[in-house]
Amino acid sequence: AEHGIRGLYAGIGACGIRQASGVGVRFAVYGRVKELLTTDPPQIWQSALAGGITGCASTAMNHPIDVVKTRIEAQDGAGKKEYTHTVQAFQSILKNEGPKALYRGIVPRMIKISLGQAITFTAYERYTDLIGDLADSMGIFAAAPSRVATC
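Just so it is clear, the model here is predicted, and its values are computed rather than measured. (Residues numbered from 1 in each chain as written. Predicted model: local features only at pLDDT ≥ 70, side-chain atom pairs only at ≥ 80, totals over all residues. Heavy atoms only, no water.)

## With respect to the overall build of the chain
Working step 1: Summing up its helical and strand segments, the chain has 5 helices and 0 strands in all.
Working step 2: What you see in the chain, going N to C, is helices and strands ordered as α-α-α-α-α.
Working step 3: For the chain, buried positions account for 32% of its 151 residues.
Working step 4: Restricting the contact set of the chain to residue pairs at least 6 apart, pairs at least 24 apart contribute 71%.
Working step 5: When the accessible surface of the chain is split by element, carbon and sulfur atoms take 65% of a total near 10,200 Å². (Helix = DSSP H or I, 4+ residues; strand = E, 2+ residues; numbered from the N terminus. Buried < 20%, exposed > 50% of the residue type's maximum accessible area, 1.4 Å probe, protein only. Contact = heavy atoms within 4.5 Å. Areas by Shrake-Rupley, 256 points an atom, 1.4 Å probe, with all protein chains shown as cover.)

## Let's talk about unusual backbone geometry
Working step 1: Of note, the bond from D40 into P41 is cis; its omega dihedral lies within 30 degrees of zero at 0°.
Working step 2: Position of P41 among the secondary structure elements: in the loop between α2 (12-37) and α3 (44-74).

## What to know about the pattern of salt bridges
Working step 1: According to the stated counting rule, one finds 7 salt bridges in the structure shown.
Working step 2: The residue R126 makes a salt bridge to D129 at a minimum N-O spacing of 3.4 Å. Placement of both R126 and D129 in helix α5 (residues 106-138) is noted, with a separation of 3 residues, approximately one turn of the helix.
Working step 3: With a relative accessible area of 26%, R126 lands in the partly exposed category.
Working step 4: Through salt bridges with shared partners, a single ionic network connects R18, D66 and R109. (Salt bridge = Lys/Arg side-chain N within 4 Å of Asp/Glu carboxyl O.)

## Observations concerning the packing of aromatic side chains
Working step 1: For the structure on display, the rule yields 4 aromatic pairs.
Working step 2: Ring geometry for F27 versus Y124: centroids 6.4 Å apart, planes at 85°, classification edge-to-face. Taken together, the residues F27 in helix α2 and Y124 in helix α5 connect sequence positions 97 residues apart.
Working step 3: Ring geometry for Y30 against F121: centres 4.0 Å apart, planes inclined by 10°, an arrangement best described as stacked. Highlighted residues: Y30 in helix α2 and F121 in helix α5, separated in sequence by 91 residues. (Phe/Tyr/Trp six-rings, centres within 6.5 Å; stacked < 30°, edge-to-face > 60°.)

## Concerning the confidence of the model for the chain
Working step 1: Summarising the model, the chain shows a mean pLDDT of 87, and 87% of its residues fall at 70 or more.
Working step 2: Per-element confidence in the chain is highest for helix α4 (residues 86-97), whose mean pLDDT is 96, and lowest for helix α1 (residues 4-8), whose mean pLDDT is 68. (pLDDT = per-residue confidence, 0-100.)

## Details of the environment of I65
Working step 1: As for its position among the elements, I65 is in helix α3.
Working step 2: Taking the C-alpha atoms as reference, I65 lies 7.8 Å from F90; in sequence the two are 25 residues apart.
Working step 3: Residues contacting I65, with those up to four places away along its chain left out, are A14, I17, R18, S21 and T86.

## Focus on the nonpolar core
Working step 1: Residues A14, I65, V67, V68, I72, Y83, A89, I93, A101 and L102 constitute the largest nonpolar core, which totals 10 residues.
Working step 2: Contributing elements (two or more residues each) for this core: α3 and α4.
Working step 3: With 4 residues, α3 is the single largest residue contributor to this core.
Working step 4: Contacts of Y83, omitting those with residues within four sequence positions, involve R71, I72, Q75, Q88, A89, S92, I93 and E97.
Working step 5: One finds V29, Y30, V33 and A50 within the second-largest nonpolar core, a separate group that totals 6 residues. (Core = buried A, V, L, I, M, F, W, Y, C linked by side-chain atoms within 4.5 Å.)

In structure tokens:
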């Protein structure tokens, strides 16, 4: 209540960038890591390993925007705010604390994200197989006959 409606949306720009970059990187990286590490179909441990590596890569790439988001969200609503928007916060952190500040706290976050992505991509592979097998048995998504004219 003391921060009002604006407090509810503090850091939303940085949060959107963080979410979009994280998910985009994860799906782009997972396919490539999976190709390098797995058999077809991947075994459970291979999916988990590829997911874990993917989580580490995405965390390394988008941790700076996560730091910016967290700093904006953590500001007290009373008084003058140190960070007014995403770009200003990023510039201020770089200028006043240096690039290392953008990677503070990366190890615990990397552990959390990599474990989560190991589980997520393992489940993704299993559900993809399960749903695909079910759809095949029901004739759903079956290839339509070709309608190419022949001479």
